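Fold and geometry: a report
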Protein chains: 2
Amino acid sequence: MGFSETMKAIADPQRRAILDLLKKDRLSAGEIASNLPDISAATVSYHLSLLKRAKLITESKYKNFIYYELNASVFEEIMLWCAQFTGGSDEKAK
Amino acid sequence: MGFSETMKAIADPQRRAILDLLKKDRLSAGEIASNLPDISAATVSYHLSLLKRAKLITESKYKNFIYYELNASVFEEIMLWCAQFTGGSDEKAK
DNA sequence: CTCCTATTTCGAAATCCTTCTAAATAGATG
DNA sequence: CATCTATTTAGAAGGATTTCGAAATAGGAG
C-alpha cells in the first residue's frame, strides 16, 4: 500500500501546503499550525501523521516540541515512477 | 483543483493498473475492462473518466469503440513539481 | 429500420476522508 | 509536585469515493 498512500498524501492541498512550508525550514507542529490559519491544530496533527506514514516527512523531538522536516528521497521515487510513462528512452521501471 | 485531481487519480491502484496497461498500447475501454477481471465494466468506465479529467489519458473514437492512450506530459509536470523538494540545485518551481 | 455490441450514466450502498471540539498525554518549569 | 505548553488521540458529523447492477445511449451491421 506504500505508493498509494504516498500519492494520496500529496493529493490533499492542505498537506501540500505543509510540504511547501517545510521546503524552507524544519518546523514544529505548532509553527506549522500557525502558518495554516484555516484549520485547527488537531487537523494539522492528523495531516502530519499521514505525511509521516507516507514517509514524506520525518519527525524529531526537542524539549516538548516535535520538529518535522522533508524526506527528499520519496519525491525521487515518485519521479522514477513517472519516468516510465514519459516516452523516455530509459525503460528501467520495475 | 488540477494538481489535486491528478494526484488523486494516480493514488488509486485500479487506476494505476489502467495506466500500466496503456504503457504498452492504446486500448479500447472493453479491452481495458477484460484485463481487469476484478471490477465491472461500469467501474472501469468511471475510472477512465477520472483519468481523463486528470488529463492522464486521452480518448479517440473509432467505429463504436473508444480508444484510450496515455498523455505523457502530465507525468512530466509531476516530475517538475517533485523536483522542487529534492534538494536539487534548480529551484525554479513557481 | 431493427438488432447487436461497446460504453456510459443512474441510483444506491458501503466505505473512507477530513474536520471539529473536547479530552488525554508528555515533558518542561517554577 | 503542580501547572503550563505543545501536541496527539478520541469520537462524531459531514462529505467524498468506489463499486455495483440495471438502464440508457450511440453507432455499426444486417
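Note that this is a predicted model, so its numbers are computed, not measured.

Section: the interface of chain A and chain B
Counting from both sides, the interface comprises 25 residues of chain A and, opposite them, 25 residues of chain B. Both sides together, the interface formed by chain A and chain B hides about 2,100 Å², and carbon and sulfur atoms give 76% of it. Along the contact surface separating chain A from chain B lie zero salt bridges. Linking chain A with chain B are four residue pairs in polar contact (both at pLDDT 80 or more). Secondary-structure elements contributing two or more residues to the side of chain A that touches chain B are α1 (2-11), α2 (13-24) and α5 (72-83) of chain A. Here the side of chain A that touches chain B gets eight residues from one element, more than from any other, and that element is α5(A).

Quick look at unusual backbone geometry
Here the phi dihedral of A:Lys55 falls at roughly 60°; this positive angle occurs in a residue that is not glycine. Tracing the chain through its elements places A:Lys55 in the loop between α4 (41-53) and β2 (57-62). Of note, the phi angle at B:Lys63 is positive, near 50°, even though the residue is not glycine. Of note, B:Lys63 is situated in the loop between β2 (57-62) and β3 (65-70). Overall, B:Lys63 belongs to the exposed group, its relative accessible area being 68%.

Re α4(A)
Residue and element names in this part refer to chain A. Between the first and last C-alpha of α4 there are 18 Å, a value that for 13 residues agrees with the 18 Å anticipated at 1.5 Å per step. Listing the buried residues of α4 in full gives Val44, His47, Leu48, Leu50 and Leu51. The buried side chains of α4 occupy one side of the element, clustering within an arc of 160° when seen end-on. In α4, the exposed positions that point more than 90 degrees away from the buried face belong to Ala42 and Arg53. In the core, the buried residues of α4 are packed alongside α1, α2, α3 (29-35), β2 and β3 (65-70). Phi turns positive one or two residues past the end of α4, at lysine 55, with a value near 60°.

Concerning the packing of α1(A) against α5(A)
Residue and element names in this part refer to chain A. Between α1 and α5, the least distance of the axes is 12 Å, while the angle of their chain directions is 105°. One way to sum up the angle between α1 and α5 is to call them roughly perpendicular. Contact with α1, carried on its side by Phe3, Thr6, Met7 and Ile10, involves Val74, Phe75, Ile78 and Trp81 of α5 and no other residues of that element. For the contact of α1 with α5, the per-class residue count stands at seven nonpolar, one polar and no charged.

Points about the sheet that holds strand β1 (residues 27-28) of chain A
Residue and element names in this part refer to chain A. Judged by pairing direction, the sheet is antiparallel, and its three strands sit side by side in the order β1-β3-β2 without closing on themselves. Both outer strands of the open sheet, β1 and β2, are each paired with one neighbouring strand and no more. Judged from the six bridges that link them, β2 and β3 form a sheet pairing that is antiparallel. Paired with serine 60 across the bridge in β3 is tyrosine 67. The sheet strands contacting α4 are β2 and β3, and the helix crosses β2 at an angle near 120°.

Rules used in this analysis
- Residues numbered from 1 in each chain as written.
- Chains lettered and ligands numbered in written order.
- Predicted model: local features only at pLDDT ≥ 70, side-chain atom pairs only at ≥ 80, totals over all residues.
- Heavy atoms only, no water.
- Contact = heavy atoms within 4.5 Å.
- Buried area = accessible area lost by both parts, 1.4 Å probe.
- Salt bridge = Lys/Arg side-chain N within 4 Å of Asp/Glu carboxyl O.
- Polar contact = N/O pair within 3.5 Å; in protein donor to acceptor, adjacent residues only side chain to side chain.
- Helix = DSSP H or I, 4+ residues; strand = E, 2+ residues; numbered from the N terminus.
- Buried < 20%, exposed > 50% of the residue type's maximum accessible area, 1.4 Å probe, protein only.
- Expected span 1.5 Å × (residues − 1).
- Arc of directions from axis to C-beta.
- Axes fitted to C-alpha atoms, helices over the stretch in contact; angles between N-to-C directions.
- Parallel < 35°, antiparallel > 145°, perpendicular 65-115°, else oblique.
- Nonpolar A, V, L, I, M, F, W, Y, C, P; charged D, E, K, R; others polar.
- Pairing = 2+ DSSP bridges.

None of the figures reported here should be taken as evidence of function without further support.
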